[in-house]
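Coordinate inspection notes
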Amino acid sequence: MRIVVLRIGHRYVRDYRVTMHVALVARAFGASKMLLASDDSSIVEGIKEVNERWGGSFEVECIGSEQSRWLDAINAWRKDGNIVVHLTMYGLHVDDVVQEVRSRCRDEGRDVMVVVGAEKVPKVVYEVSDYNIAIGNQPHSEVAALAIFLDRMFEGRELRVEFKGRMRIVPTARGKRVLDMSKSSTDGKG
Ligand code: SAM
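Overview of the structure. (Residues numbered from 1 in each chain as written. Predicted model: local features only at pLDDT ≥ 70, side-chain atom pairs only at ≥ 80, totals over all residues. Heavy atoms only, no water.)

All right, on to the overall build of the protein then. Along the protein, the regular secondary structure elements total six helices and nine strands. For the protein, the C-alpha radius of gyration of 17 Å lies close to 16 Å, the compact-globule estimate for 190 residues. Overall size of the protein, expressed as C-alpha extent along the three principal axes, is 55 × 35 × 30 Å. Classification of the 190 residues of the protein by burial places 44% in the buried group. For the protein, restricting intrachain contacts to residue pairs at least 6 apart in sequence, the fraction spanning at least 24 positions comes to 76%. Summing over all exposed atoms, the protein offers an accessible surface of approximately 10,600 Å²; the carbon and sulfur share of this is 49%. (Helix = DSSP H or I, 4+ residues; strand = E, 2+ residues; numbered from the N terminus. Rg over C-alpha atoms; globule rule 2.2 N^0.38 Å. Buried < 20%, exposed > 50% of the residue type's maximum accessible area, 1.4 Å probe, protein only. Contact = heavy atoms within 4.5 Å. Areas by Shrake-Rupley, 256 points an atom, 1.4 Å probe, with all protein chains shown as cover.)

Taken together, the neighbourhood of the ligand is formed by 19 residues, with L87, I135, G136, Q138 and E142 sitting nearest. The contact in question runs from a nitrogen atom of the ligand to an N or O atom on the backbone of T88, over 3.4 Å. G136 is positioned with one of its backbone polar atoms (N or O) 2.9 Å from a nitrogen atom of the ligand. Bound to the protein, the ligand loses 82% of the 570 Å² it would expose on its own. (Near = heavy atom within 4 Å. Polar contact = N/O pair within 3.5 Å; in protein donor to acceptor, adjacent residues only side chain to side chain.)

Turning to helix α4 (residues 94-108), a few remarks are in order. Owing to its 3.6 residues per turn, the α-helix aligns residues three or four sequence positions apart on the same side. The end-to-end C-alpha distance of α4, which contains 15 residues, comes to 20 Å, matching closely the 21 Å that a straight helix rising 1.5 Å per residue would cover. Turning to α4, its buried residues number three or more, namely V94, V97, V98, V101, R102 and C105. What you see down the axis of α4 is that its buried residues fit within an arc of 145 degrees, all on one side. Turned more than 90 degrees away from the buried face of α4, the exposed residues are D96, Q99, R106 and D107. (Expected span 1.5 Å × (residues − 1). Arc of directions from axis to C-beta.)

Bringing the sheet that holds strand β3 (residues 59-62) into the picture now. Strand order across the open sheet formed by six strands is β3-β2-β1-β5-β4-β6, with parallel pairing between neighbours. If you trace the sheet from one side to the other, it starts and ends with β3 and β6 (131-134), each paired once. The mean inter-strand angle of the sheet, taken between neighbouring strand axes irrespective of direction, is 30 degrees. Of the strand pairs in this sheet, strand β1 (residues 3-7) and strand β2 (residues 33-36) are connected by four bridges, and their pairing is parallel. Following the sheet pairing, V5 is matched in β2 by M34. Along the sheet face, helix α3 (residues 67-79) touches β1, β2, β4 (83-93) and β5 (112-116) and points at about 155 degrees away from the line of β5. (Pairing = 2+ DSSP bridges. Axes fitted to C-alpha atoms, helices over the stretch in contact; angles between N-to-C directions.)

Encoded structure:
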């Protein structure tokens, strides 16, 4: 199952940190790509640096901020027979629909685009999405919503995926153990 995240509403500079966290969560929780409705290439560069250090092939593509650009991306995704999920506090409870989404991916070979907003999300997103899904019906954060949705979709398996990067963490009960594979030696610094 392939999952792509579409981040809309990103405000240049102001949203850098939150959008970077959306990308980091998407990467760490099993999505393969993020489409960013902006021209903010600093996010693209930031993720390249993370990949270079920690591995994986997660990618960020800037598609421009105009509504027509991200609507085209949504429509193209649906035209290919794939599923669009919009995460919103106004949607259906995740546990009431996630199994249906997962089954359609498994049985019908569909991929999923997950749309997350920043400020107020235009009404059209609610209309073009196949599913409007709530991670509880209280307002919180696109970062938290995305993490929980991906974890529900992958049923926790995403947290065991190995990225095989230059830097590898050796899980320890206390302290930090990180291997720098390019040096084939161990150091204790994080
Ligand atoms: N008030 C905005 C609106 O009307 O769409 C939402 C702003 S919220 C800070 C930013 C994003 O976080 C939303 O677009 C949505 O993707 C996500 N989000 C926040 N709370 C959520 C929830 N309970 N369930 C699912 N997604 C949520």
